[in-house]
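# Structure at a glance
Letter by letter, the chains look like this.
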Amino acid sequence: MYHESVMLHECVEGLNIRPDGVYVDVTFGGGGHSKAILEKLGEKGKLYAFDQDPDAKKNANLIDDKRLVFIEANFRYIKKYLRLHGVKQVDGILADFGISSHQIDEPTRGFSTRFDGELDMRMNQKAEISAYTVINKYPEEQLHKIFGMYGEIKNARTLAGAICSERMNQPINTTGELKAILEKYAPKFKEFRYFAQVFQAIRIEVNQELDVIQEFLEQTPELLRDTDSRLCIMTFHSLEDRLVKNYIKAGNFYGELQKDIVYGTVDKPLEAVSRKPIEASADELARNNRSRSAKLRIATLSK
């Protein structure tokens, strides 16, 4: 299996699908969510699916359905590409920010701490910056910042210095070589968590993940058709979830409500459908441990 979709039922139900509606799946991956959306759509319905990974395109090509339009692009450009297809507004948008099981389990992609592979981590394999670039070319101060901000590593400065010292002797080419350095600085009995935090930090930098999320979110209010249209977003770590939560709550990424000076009204484009995020059921947690950190937030246009 390419990837087991997390909270598949909850995501599709959250979209509140109209059979003749227009929907967008901005993270196609293995196509699990897209297939479930197509099952709910009627003959006049339409689904636009985004993904920049060539492997996802191969999966999309296996679906013989005229209602599906696959767009090989980063979803940070959602408005631009939808307009190229003559679409200005849609009835629902789904985003699953989790990295796919296929990407994690493929050693050559360099995403996993479990395998030894090239330092890559590019979701778009045509991108110039890879994990190798970050580890071998970035200045020490920039590495320190990345590890601290994106990985929440407590000894970020020490680790950045150690990596810079090691690469002076010879380049750090593989995930195994990087892990050999990390092992010297990981807290005892928390090595695997430490590895995961460092890999997460590098991956976020390589793919500009938080910038992409912000750019995407700012476009969604203009794209949603009406107050019955839904925005469903699933996150897998606190940095992503904080951005989504704050934008839905306040219309900005700081979570502070902005009030009109004259009328005192709150100016925010979205409102949450439910106060708390939806989490995976006990059955799904038992079946798929990758669902344990997932949070699904659903929003619609403010009335």
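Every value quoted in this text rests on a predicted model; they were computed, and no experiment measured them.

So, on to the environment of Lys-179. Tracing the sequence through the fold places Lys-179 in helix α9 (residues 175-182). Along the backbone, Lys-179 and Lys-80 are 99 residues apart, and their C-alpha atoms lie at a distance of 40 Å. Beyond its immediate sequence surroundings of up to four residues, Lys-179 is in contact with Thr-113, Phe-195 and Phe-199. A polar contact of 2.7 Å, which involves the side chain of Lys-179, links it to the backbone oxygen of Thr-113.

Moving on to the UniProt feature "binding site: S-adenosyl-L-methionine" (unreviewed entry) in the protein. The feature "binding site: S-adenosyl-L-methionine" (unreviewed entry), as given by UniProt, occupies Gly-31, Gly-32, His-33, Asp-51, Phe-75, Asp-96 and Gln-103 in the numbering adopted here. In the annotated set above, the residues contributing to the lining of the largest cavity are Gly-31, Gly-32, His-33, Asp-51, Phe-75, Asp-96 and Gln-103. One can find Asp-96 in strand β4 (residues 92-96). Within the element layout of this structure, Gln-103 appears in helix α5 (residues 101-105).

Let's shift gears to empty space enclosed by the protein. Counted according to the given criterion, the structure contains 1 cavity of 30 Å³ or more. One number sums up the size of the largest cavity: a volume of about 440 Å³. Lining the largest cavity are 31 residues; nearest its centre among them are Thr-27, Asp-51, Asp-96, Gly-98 and Met-123. Where the lining of the largest cavity is concerned, the elements lending two or more residues are α2 (32-40) and α11 (209-223). Of the residues forming the lining of the largest cavity, the biggest block, 3 residues, is contributed by α11.

This part covers helix α8 (residues 156-169). With 14 residues, α8 extends 21 Å from end C-alpha to end C-alpha; this agrees with the ideal 20 Å at 1.5 Å per step. Of the positions making up α8, those classed as buried are Ala-156, Leu-159, Ala-160, Gly-161, Ala-162, Ile-163 and Cys-164. Tucked inside the fold, the buried residues of α8 contact α6 (131-137), α7 (140-150), α9 and α10 (191-207).

If a probe the size of a water molecule is rolled over the atoms, the empty space left behind becomes visible. Empty space within the largest pocket amounts to approximately 1100 Å³. The wall of the largest pocket is formed by 28 residues, among which Ala-196, Gln-200, Arg-203, Arg-292 and Ser-293 lie closest to the centre. Elements with a minimum of two residues in the lining of the largest pocket: α10 and α12 (238-250). Here the lining of the largest pocket gets 7 residues from one element, more than from any other, and that element is α10. When its volume is computed, the second largest pocket comes out at roughly 400 Å³. In this structure, the second largest pocket is lined by 20 residues; those nearest its centre are Gln-52, Asn-74, Asn-124, Ala-127 and Gln-208. Per element, the largest residue contribution to the lining of the second largest pocket is 3 residues, and it comes from α10. The class makeup of the residues in the lining of the second largest pocket is 9 nonpolar, 5 polar and 6 charged.

What follows concerns the pattern of salt bridges. Oppositely charged side chains can form a pair if their charged atoms are brought close together. Applying the stated criterion across every chain yields a total of 18 salt bridges. The residue Asp-91 makes a salt bridge to Arg-18 at a minimum N-O spacing of 2.4 Å. Note that Asp-91 is positioned in the loop between α4 (78-84) and β4 and Arg-18 in the loop between α1 (8-14) and β1 (22-25), a separation of 73 residues in sequence. Among the salt bridges present, the one from Arg-203 reaches Glu-209, with a minimum N-O distance of 2.8 Å. A relative accessible area of 12% places Arg-203 in the buried class. In this structure Glu-209 comes out as buried when scored by relative accessible area, which is 8%. Each of Arg-18, Asp-91, Arg-225, Asp-226 and Asp-228 takes part in salt bridges that share partners, so that together they form one network.

Turning our eyes to something else, we now look at the sheet that holds strand β6 (residues 270-272). On the basis of which strands lie adjacent, the open sheet formed by 7 strands has the order β3-β2-β1-β4-β5-β7-β6 and mixed pairing. The open sheet terminates on both sides in strands that have one partner only, identified here as β3 (68-71) and β6. Across the sheet, the mean angle separating the axes of adjacent strands is 20 degrees when strand polarity is ignored. As paired strands, strand β2 (residues 46-50) and β3 are joined by 4 bridges and run parallel to one another. Bridge assignment links Leu-47 to a residue of β3, and that residue is Leu-68. Contacts from α11 reach β4, β5 (230-235), β6 and β7 (295-301), with the element oriented near 160 degrees to β5.

About the criteria used
Residues numbered from 1 in each chain as written. Predicted model: local features only at pLDDT ≥ 70, side-chain atom pairs only at ≥ 80, totals over all residues. Heavy atoms only, no water. Helix = DSSP H or I, 4+ residues; strand = E, 2+ residues; numbered from the N terminus. Contact = heavy atoms within 4.5 Å. Polar contact = N/O pair within 3.5 Å; in protein donor to acceptor, adjacent residues only side chain to side chain. UniProt positions renumbered as here; feature names shortened; annotations may be inferred. 1 Å grid on protein atoms, 1.4 Å probe; cavity = no way out; pocket = protein on both sides within 12 Å on 5 of 7 lines; lining within 4 Å. Points joined across faces, edges and corners; volume = space filled by probe spheres on them. Expected span 1.5 Å × (residues − 1). Buried < 20%, exposed > 50% of the residue type's maximum accessible area, 1.4 Å probe, protein only. Nonpolar A, V, L, I, M, F, W, Y, C, P; charged D, E, K, R; others polar. Salt bridge = Lys/Arg side-chain N within 4 Å of Asp/Glu carboxyl O. Pairing = 2+ DSSP bridges. Axes fitted to C-alpha atoms, helices over the stretch in contact; angles between N-to-C directions.

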